[in-house]
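# Structural characterization, general
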Amino acid sequence: MKNETSFKYFYILPFSGDTKSEPFISIFFFLIYLVGVLINSSIITVICLEIKLHKPMYLFICNLSIVDIFYTSVTVPKLLYMLLSGNHIVSFLQCYTQLFFLSVAANAESILLFIMAYDRYVAICLPLHYHQILSRRNCILLSIGIWAAAFLNSLILVKSVFFLASCHSNIIHQFFCDTKALTKTTCTGTIMLFVIIGIEMLILVLIPFMGTAISYINIFSVIFKMKSKESRKKAFSTCSSHITIVSIYYAAGLLGYVIPPYSDVLELVGNTIYTSIVPMINPIIYSLQNSSIQSALLELVRGMCFQKNRDKTKCKGN
């Protein structure tokens, strides 16, 4: 970032300097981070180990769990360090690095949610062509394409932010570095950035959202034509978890960007939901509503407990 003043770093002030509540805030974010990483890691492990789950839908769920770990790992550990140490100084390099990986996670999730909707569309509307359209090779290429597009777009975004001129302030009233927070510290050079953000929103947010909406319009039109009540119920159950996640994701994202720029408290709440709580909720929704993941998780826990008991028995025998 070009500096028209003597600023050498950013000063992150997420909670208005309220030191009394910082221990409770630290515990809150630590628990969110711990639960989110544990559950997402469990889902990734189960999907990788369970051969029955080596299907397109579960490959995309595995990618979603990786994205969710990205979200919380990019923001929460640094926040906990600041709260516990009292050091709220963040170098430009640290700030841009955080912005880069946060952007990667946001871009990847937006595209991934659309691909997951398309997966359900093919499964319900084109079942005879499912394995041909979403073959192993095509799914691997899709996964690579999602992450490649996310990294490339993030690189362009960070490069654009790097050439902004910081002269208003070096204080960020947020608990992480994002584009909206950084634009509040600048005084010139934002026009090109807003153009890039607009193009990004069109390609990576609006188009995937429209694709997701169109996919579910076609899915529901097929489901409502089904004569069997049991078939309709089964079709709805395969989509319910994804619909819930899509709704929460876009609602939380919209909340974060629609909030007026002068409302720091509401913006903080919105970003907390978007970057910390939603990544924790996503795997819970899938594990609660997907019977295959439930059974696989139970088998994993039973296997671990059985191994632990067997090791204890060996120790006693010796």
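## Quick look at the confidence of the model for the protein
Detailed conclusions should not be drawn from predicted coordinates in areas where pLDDT is low. Overall, the prediction assigns the protein a mean pLDDT of 83, with 86% of residues at 70 or greater. The spread of mean pLDDT over the elements of the protein runs between strand 1 (residues 2-3), the lowest at 47, and helix 4 (residues 130-133), the highest at 93. Long-range and interchain partners of residues 2-6, a stretch whose pLDDT sits below 50, account for 15 contacts in this model, where long-range means more than four residues apart.

## Details of the side chain of Ser-241
Locating Ser-241 in the fold gives a position in helix 8 (residues 229-258). With a relative accessible area of 4%, Ser-241 lands in the buried category. The contact partners of Ser-241, leaving out residues within four places of it in the chain, are Ile-285, Tyr-286 and Gln-289.

## Comments concerning the state of the cysteines
Disulfide: a covalent bond formed between the sulfur atoms of two cysteine residues. Scanning the model with the defined rule gives one disulfide in all. Between the sulfur of Cys-95 and that of Cys-177 lies a disulfide, 2.1 Å long from S to S. An S-S torsion of about -120 degrees defines the bridge between Cys-95 and Cys-177 as left-handed. Pair noted here: Cys-95 is in helix 3 (residues 92-125) and Cys-177 is in the loop between strand 5 (171-172) and helix 6 (179-183), with a separation of 82 residues, a long-range link. Residue class for Cys-177 comes out buried when judged on its relative accessible area of 0%. Counting only cysteine sulfurs, Cys-48 is the nearest neighbor of Cys-62, a cysteine outside any disulfide, at a range of 4.6 Å. Sulfur of Cys-239: no disulfide; nearest cysteine sulfur belongs to Cys-125 and is 8.7 Å away.

## Re the environment of Leu-99
Along the polypeptide, Leu-99 turns up in helix 3. Owing to a relative accessible area of 3%, Leu-99 belongs among the buried residues under this scheme. Setting aside anything within four residues of it in sequence, one finds Leu-99 in contact with Val-158, Val-161, Cys-177, Asp-178, Thr-179 and Leu-182.

## Regarding the environment of Ser-143
Tracing the sequence through the fold places Ser-143 in helix 5 (residues 136-162). Note: C-alpha distance between Ser-143 and Ile-111 (32 residues apart in sequence) is 9.9 Å. Not counting residues within four places of it along the chain, the set of residues in contact with Ser-143 comprises Leu-59, Phe-60 and Asn-63. Among the polar contacts made by the side chain of Ser-143, one reaches the side chain of Asn-63 at a distance of 3.5 Å.

## Thoughts on the side chain of Asn-40
By secondary structure assignment, the location of Asn-40 is in helix 1 (residues 22-49). A distance of 2.8 Å separates a polar atom in the side chain of Asn-40 from the backbone oxygen of Gly-36. There is a polar contact of 3.2 Å between the side chain of Asn-40 and the side chain of Ser-65. With sequence-adjacent residues up to four places away left out, Asn-40 is seen in contact with Ser-65, Asp-68, Ile-69, Pro-279 and Pro-283.

## Structural notes on helix 2 (residues 56-85)
Compared with an ideal rise of 1.5 Å per residue, which puts 30 residues at 44 Å, helix 2 spans 44 Å between its outermost C-alpha atoms and is within 8% of the ideal. If you look at helix 2, its biggest bend is around 30 degrees, right at Ser-73, and the proline Pro-77 turns up within four residues after that. Gly-86, located one to two residues past helix 2, shows a positive phi value of around 80 degrees.

## With respect to the packing of aromatic side chains
Here the structure, examined in full by the defined rule, presents 19 aromatic pairs. Relative to Phe-220, the ring of Tyr-216 has its centre 5.9 Å away and its plane inclined at 35 degrees; by these criteria the two rings are tilted. In this pair, Tyr-216 and Phe-220 both sit in helix 7 (residues 190-225), four residues apart, roughly one turn of the helix. Judged by its relative accessible area of 26%, Phe-220 falls in the partly exposed class. Here the aromatic cluster, defined as three or more aromatic residues joined through ring pairs, consists of Phe-70, Phe-100, Phe-101, Trp-147 and Phe-151.

## Focus on the sheet that holds strand 5
Across the sheet, which stays open at both edges, the three strands sit in the order 3-2-5 with mixed pairing between neighbours. Each having just a single partner strand, strand 3 (89-91) and strand 5 make up the two edges of the open sheet. As judged from the two bridges shared by strand 2 (residues 9-12) and strand 5, these two strands associate in the parallel manner. Looking across to strand 5, one finds that Ile-12 is bridged to Ile-172. Sheet contacts for helix 3: strand 2, strand 3 and strand 5; angle to strand 3, the most-contacted strand, approximately 80 degrees.

Definitions and cut-offs
- Think of each chain on its own: its residues are numbered from 1, step by step along the sequence as written.
- Only residues with pLDDT of at least 70 get local features here, since the model is predicted, and only at 80 or more are side-chain atom pairs given and counted; chain-wide, interface and lining totals rely on the full set of residues.
- Calculation of side-chain values draws on the structure's entire complement of heavy atoms; hydrogens and water are dropped beforehand.
- Scored from 0 to 100, pLDDT reflects the predictor's confidence in each residue.
- For helices the rule is a DSSP run of H or I covering at least 4 residues; for strands it is a run of E covering at least 2, with both sets numbered from the N terminus onward.
- Here, two residues are considered to be in contact whenever any of their heavy atoms come within 4.5 Å of each other.
- Any residue under 20% of the maximum accessible area for its type is buried, any over 50% is exposed, and the rest in between are partly exposed; the area is computed with a 1.4 Å probe on protein chains only.
- Here, the term disulfide refers to a pair of cysteine sulfur atoms separated by no more than 2.5 Å.
- For the purposes of these results, a polar contact is taken to be a pair of N or O atoms within 3.5 Å, where, inside protein, one atom must be able to donate a hydrogen and its partner to accept one; residues adjacent in sequence count only when each atom of the pair is a side-chain atom.
- Each residue after the first adds 1.5 Å to the expected span of a helix.
- What we call the bend at a residue is the angle made by axes fitted to the seven residues finishing there and the seven residues starting there.
- Pairing of aromatic rings covers Phe, Tyr and Trp, the last through its six-membered ring, and needs centres within 6.5 Å; plane angles under 30 degrees mean stacked, over 60 mean edge-to-face, and all others mean tilted.
- Paired strands, in this sense, are two strands between which DSSP finds at least two bridges.
- Inter-axis angles, ranging from 0 to 180 degrees, are taken between N-to-C directions of lines fitted to C-alpha atoms, where helices are fitted over the stretch in contact.

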